[in-house]
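# Fold and geometry: a report
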Amino acid sequence: MVTSDSSPTEASAPVGAPLVVISGVQKHYGDFQALTDVDLTVHKGEVVVVIGPSGSGKSTLCRTINRLETITSGSITIDGKELPKEGKGLANLRADVGMVFQSFNLFAHLTILENVTLGPIKVRKMKKADAEREAQVLLDRVGVGHQASKLPAQLSGGQQQRVAIARALAMNPKVMLFDEPTSALDPEMINEVLDVMVGLAQDGMTMIVVTHEMGFARKAADRVVFMADGRILEDAQPEEFFTHPRSDRAKDFLSKLITH
């Protein structure tokens, strides 16, 4: 049996080549250690869901992958390249790593279509007509194509989050990061966002998802990573994790979940 002081359990090896490799990562905020000896490899086409109690380091880990948070030590590589510290290299890397946050972070003064085309035009140097055509396809894909000319404030929270997903996809990222994408939504809007994410998973998008939605973890994840106190305690396939958690911390966490 693995206790909270032991190494995490290993999941069976997935198919694609390694895309995101996190090795020996530590993160300190002053005297507080937010991440301790984190090792995680995510393969191309894999969906990894990160769960754990509040304050376990899940969001911090997610934000280190595109360097919104700097790491104290260790290394993170994306498609074989280590994270640049700053400058153009970092901007290029962020273009390869789509990020969807708890809050939608859309530009309030731009239309939905303009929000989605901004990155491709400014960063990818795409022609406006091409960017608009691709953006419309993506907005249709996430179910808000008919809202393209509206401003974000005219959309529901669930619709705005789907636009945020389309905006991230518009950059044609190698990996998508989701940091609790449904936590700011009303309950009736959660499924419409999760349905889009399930569709992305089925289409083979590489995804790292921090979430409290255990149904999504069971349905869409290739692996579930359980964190507590800044460490990865378990790394297993969903059915194995939810039916046979090995660490005491995971058992305690799962026992407190409200089952529907």
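Residues numbered from 1 in each chain as written. Predicted model: local features only at pLDDT ≥ 70, side-chain atom pairs only at ≥ 80, totals over all residues. Heavy atoms only, no water.

Where an unreviewed UniProt entry is consulted, the chain appears under the name ABC-type polar-amino-acid transporter, with the organism given as Microbacterium lemovicicum.

A few words on helix α6 (residues 187–202). Taking 1.5 Å per residue as the helical rise, α6 with its 16 residues ought to reach 22 Å, and the 24 Å between its terminal C-alpha atoms agrees with that figure. Of all the residues in α6, the buried ones are M189, I190, V193, L194, V196, M197, V198, L200 and A201. Looking at the packing, one finds that the buried side of α6 touches β3 (47–51), α4 (128–141), α5 (157–169), β7 (175–179), β8 (207–210) and α7 (214–220). Backbone geometry just downstream of α6 places G204 in the positive-phi region, at approximately 90°. (Helix = DSSP H or I, 4+ residues; strand = E, 2+ residues; numbered from the N terminus. Expected span 1.5 Å × (residues − 1). Buried < 20%, exposed > 50% of the residue type's maximum accessible area, 1.4 Å probe, protein only. Contact = heavy atoms within 4.5 Å.)

Right, let's get into the environment of V49. The residue V49 is located in strand β3 in this model. For the pair V49 and N92, spaced 43 residues apart in sequence, the C-alpha to C-alpha distance is 25 Å. Sequence-distant contacts of V49, defined by excluding residues within four places in its chain, comprise V209, T211, F216, A217, A221, R223, V224 and V225.

Both the distance between ring centres and the angle between the ring planes are used here to describe each pair of aromatic rings. Scanning the entire structure with this criterion turns up 3 aromatic pairs. With 5.4 Å between their ring centres and 55° between their planes, F226 and F253 make a pair best called tilted. Of the two residues, F226 is situated in strand β9 (residues 223–228) and F253 in helix α9 (residues 248–255); the sequence distance between them amounts to 27 residues. The buried category is assigned to F226, whose relative accessible area is 0%. Given the relative accessible area of 12%, F253 is considered buried. Geometrically, the ring pair formed by F241 and F242 is edge-to-face, given 5.3 Å between the ring centres and 75° between the ring planes. Comparing F241 with F242 shows no difference in burial state: the two are buried. Taken together, F226, F241, F242 and F253 form an aromatic cluster joined through their ring pairs. The cationic tip of K27 hangs over the ring face of Y29; the distance from NZ or CZ to the ring centre is 4.6 Å. (Phe/Tyr/Trp six-rings, centres within 6.5 Å; stacked < 30°, edge-to-face > 60°. Lys NZ or Arg CZ within 6 Å of the ring centre and 35° of its normal.)

Once that is clear, we can look at the nonpolar core. Core analysis: the largest hydrophobic core is formed by 53 residues, its most contacted members being I165, M176 and M207. Counting residues per element, this core draws most heavily on α6, which supplies 9 residues. When neighbours within four sequence positions are excluded, M176 is seen to be in contact with G98, V100, I165, A168, L169, L200, M205, T206, M207 and I208. Listed in part, the 27 residues of the second largest apolar core include L40, I65, I76 and V175. (Core = buried A, V, L, I, M, F, W, Y, C linked by side-chain atoms within 4.5 Å.)

Here we take up the sheet that holds strand β6 (residues 97–100). Taken together, 6 strands build an open sheet; the order of strands is β6-β7-β8-β3-β9-β10 and the sheet is mixed. This sheet does not close on itself; its edge strands, each paired only once, are β6 and β10 (231–236). Averaged over all adjacent pairs, the angle separating strand axes in this sheet is 20°, with direction ignored. As paired elements, β7 and β8 share 4 bridges and run parallel to each other. Directly across from F178, in β8, lies its bridge partner V209. Along the sheet face, α5 touches β6 and β7 and points at about 170° away from the line of β6. Sheet strands touched by α6: β3, β7 and β8. Its angle to β8, the strand with the most contacts, is close to 150°. (Pairing = 2+ DSSP bridges. Axes fitted to C-alpha atoms, helices over the stretch in contact; angles between N-to-C directions.)

In this section: the pairing of strand β2 (residues 32–43). Judged from the 8 bridges that link them, strand β1 (residues 18–29) and β2 form a sheet pairing that is antiparallel. Along β2, the bridge assignment pairs V21 with T41. Connecting β1 to the next strand, β2, in antiparallel fashion are 2 residues, including G30 with a positive phi near 60°.

What follows deals with the pattern of salt bridges. Opposite charge on two side chains makes pairing possible when the charged atoms of those side chains draw close. Enumeration over the complete set of coordinates arrives at 16 salt bridges. In this structure, the salt-bridge partner of R63 is E69, at a minimum N-O distance of 3.7 Å. For E69, a relative accessible area of 18% corresponds to the buried category. Linking R124 and D96 is a salt bridge whose minimum nitrogen-to-oxygen distance equals 3.4 Å. Note that R124 is positioned in the loop between α3 (112–122) and α4 and D96 in helix α2 (residues 87–96), a separation of 28 residues in sequence. (Salt bridge = Lys/Arg side-chain N within 4 Å of Asp/Glu carboxyl O.)

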